[in-house]
Amino acid sequence: MLRQAALQTGLLGPNMIGLTLGHGIYICHGHESPRLLSHECRHVQQYEQAGSIAAYLPMYLQQIVQFGYASAPYEIDARAHEAAAQFK
Ligand SMILES: [Zn+2]
């Protein structure tokens, strides 16, 4: 169910360059950047606030399905906390 939602929304598709699972952050080769890393770290903080990944993931996917990736509140929040480009 979660996997299906993730696939449906393109979350696990070829366009995905970063993934955060627990405190592990996975970034595709060639896409490493302070900006992406800070973005993924913000997702870690988001699910620490949610209490657990089990609590966070359904809320996150619900937002993706409901608002779309670009407009999901968790994504807007993560983008707002990306390190500035000149920071690298
Ligand atoms: Zn994100």
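In what follows, the structure referred to is the one given above.
Residues numbered from 1 in each chain as written. Predicted model: local features only at pLDDT ≥ 70, side-chain atom pairs only at ≥ 80, totals over all residues. Heavy atoms only, no water.

Description of the coordination of the zinc ion
Within the protein, His39 (NE2), His43 (NE2), Glu75 (OE) and Glu75 (OE) serve as the donor atoms for the zinc ion, at 2.0 to 2.4 Å. Between the 4 donor atoms coordinating the zinc ion, the angles at the centre fall across 56 to 143°, so the site counts as irregular. With relative accessibility at 7%, the residue His43 sits in the buried group. (Donors = N, O, S within 2.8 Å, 3.2 Å for Na, K, Ca; no water. Tetrahedral: all angles 85-135°; square planar, octahedral: opposite > 155°, others 65-115°. Buried < 20%, exposed > 50% of the residue type's maximum accessible area, 1.4 Å probe, protein only.)

Quick notes on the environment of Ile76
Within the fold, Ile76 resides in helix 4 (residues 73–80). Excluding residues within four positions of it along the chain, Ile76 makes contact with Ala70 and Ser71. (Helix = DSSP H or I, 4+ residues; strand = E, 2+ residues; numbered from the N terminus. Contact = heavy atoms within 4.5 Å.)

Describing the nonpolar core
Within the largest apolar cluster, 8 residues are counted, these being Val44, Tyr47, Tyr56, Tyr60, Leu61, Ile64, Ala72 and Tyr74. For this core, the elements supplying multiple residues, two or more each, are helix 2 (34–50) and helix 3 (53–67). (Core = buried A, V, L, I, M, F, W, Y, C linked by side-chain atoms within 4.5 Å.)

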